[in-house]
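# Commentary on secondary and tertiary structure
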Amino acid sequence: MKRRSFIKFSTLSIFLFSKESLIAKTISSNDLLLLDNVYEVLFPKTQQMPNAKEFGATKFLLENINHKSFLDYDKNLIVQGSKDFISSFPNFLNLSKEKQKELIYSIVNSNDYAQTWLSKLVYFGIEALFSDPIYGGNTNQIGWESVNHKIGYPRPQKRYGLRL
């Protein structure tokens, strides 16, 4: 494992192993690195918008994927899709960001399964960007600030009806 990949995984492993969860048993370090890299392609930094790492896309996904409100179909699609993507493109993590972008954009139009997988990642990425930070995304309200959103009150005090 390259040093850069190790550092990325070390950061992600805090979220992966911080809770007893099904995801910790079914997703590998390569799957997490893949998700992190794919999210960086899908949500790059622009002048107005933060990138996926800044608003916590992967963190949001890992913190919410095992909740009972998260559909099993979506969970299975994300986990199995990650494994299938890695087996189909084993060198993806070693590619430059530009090559990763080219590869992702090329498969979007050629494969329904990959398109569905990427669509779900985009869906949950948007949730991470604009949801209340209590759910694990929108770090420091960066998503809201990027679109000058006026925060609604009252804000949630509990995540999914559980005490924090």
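Here's a quick rundown of the structure. Once a new chain begins, its residue numbering starts again from 1 and follows that chain's sequence as written. Under the rules for a predicted model, residues below a pLDDT of 70 receive no local features and side-chain atom pairs below 80 are neither given nor counted, while totals for whole chains, interfaces and linings still include all residues. Each side-chain value is worked out from all heavy atoms of the structure, with water and hydrogens disregarded.

Examined against the element boundaries, E40 turns out to sit in helix α3 (residues 29–42). For every residue, the accessible area (1.4 Å probe, protein chains only) is compared with the maximum for its type, and the residue is labelled buried under 20%, exposed over 50%, or partly exposed between those bounds. Within this scheme the basic residues Lys and Arg register as positive and the acidic residues Asp and Glu register as negative, but His and the chain ends are omitted. What makes a salt bridge here is a side-chain nitrogen of Lys or Arg within 4 Å of a carboxyl oxygen of Asp or Glu, nothing more. Of the side chains with opposite charge, K53 lies nearest to the buried E40, which makes no salt bridge, at 4.8 Å. Counted as a polar contact is a pair of N or O atoms within 3.5 Å, where, for protein atoms, one must be capable of donating a hydrogen and the other of accepting one, and residues adjacent in sequence contribute only when both atoms are in side chains. Here K53 takes part through its backbone nitrogen, which lies 2.7 Å from a polar atom of the side chain of E40. Secondary structure elements are defined from DSSP: runs of H or I of at least 4 residues count as helices, runs of E of at least 2 residues count as strands, and each element is numbered from the N terminus.

This part is about a nonpolar patch on the surface. A surface patch of nonpolar side chains, amounting to about 240 Å² of accessible area, comprises I126, F130 and V147. Note on placement: I126 falls in helix α8 (residues 112–130). Patches were defined on residues exceeding 30% relative accessible area and lacking a salt bridge, with like-charge contacts within 9 Å and nonpolar side-chain contacts (Val, Leu, Ile, Met, Phe, Trp, Tyr) within 5 Å. All accessible-area figures derive from a Shrake-Rupley calculation using a 1.4 Å probe, and residue coverage is judged against the displayed protein chains alone.

With that settled, the discussion passes to unusual backbone geometry. Residue P154 is reached from Y153 by a cis peptide bond, and omega for that bond is 0°. As for its position among the elements, P154 is in the segment after α9 (142–146). In the Ramachandran plot, N138 falls in the positive-phi region, its phi being about 50° despite a non-glycine side chain. Following the sequence through the fold, N138 ends up in the loop between α8 and α9. Taking relative accessible area as the criterion, N138 reaches 0% and is therefore assigned buried. With a phi angle near 60°, Q141 is a residue other than glycine that sits in the positive phi range. Looking at where Q141 falls in the secondary structure, it is placed in the loop between α8 and α9.

Time to look at the nonpolar core. Nonpolar core, defined: a set of buried Ala, Val, Leu, Ile, Met, Phe, Trp, Tyr and Cys residues in which side-chain atoms within 4.5 Å join the residues together. Of all hydrophobic cores here, the largest spans 32 residues; its most connected members are V38, Y39, L61, I78, F85, W117 and L121. Secondary structure elements with two or more residues in this core: α3, α4 (52–55), α5 (57–64), α6 (72–88), α7 (97–108) and α8. Top contributing element to this core by residue count: α8, with seven residues. Non-local contacts of V38, meaning those with residues more than four positions away in its chain, are made with F92, I104, W117, L118 and L121. Should any heavy atoms of two residues lie within 4.5 Å, those residues are counted as being in contact.

What a helix should span is 1.5 Å times the count of its residues minus one. Helix length check: α3, at 14 residues, gives a terminal C-alpha distance of 20 Å against a target of 20 Å (1.5 Å per residue), a fit within 8%. Counting buried residues in α3 gives eleven out of 14 residues, a clear majority hidden from the surface. For α3, every residue scored as buried is listed here: D31, L32, L33, L34, L35, D36, N37, V38, Y39, E40 and V41.

This part takes up the packing of aromatic side chains. Put simply, two rings from Phe, Tyr or Trp (the six-membered ring, in Trp's case) pair if the centres are within 6.5 Å, and we call them stacked under 30 degrees between planes, edge-to-face over 60, tilted for the rest. Counted under the stated rule, the structure contains seven aromatic pairs. The interplanar angle of 90° and the centroid separation of 5.0 Å between the aromatic rings of F85 and F92 together place this pair among those described as edge-to-face. Summarising the burial analysis for this pair, F85 and F92 share the class buried. Centre to centre, the rings of Y123 and F124 are 4.9 Å apart; their planes meet at 85°, and the pair counts as edge-to-face. Charge-over-ring contacts are defined here by two conditions on Lys NZ or Arg CZ: a distance within 6 Å of the ring centre and an angle within 35 degrees of the ring normal. The aromatic ring of Y123 is capped on one face by K120, whose charged end is 5.7 Å from the ring centroid.

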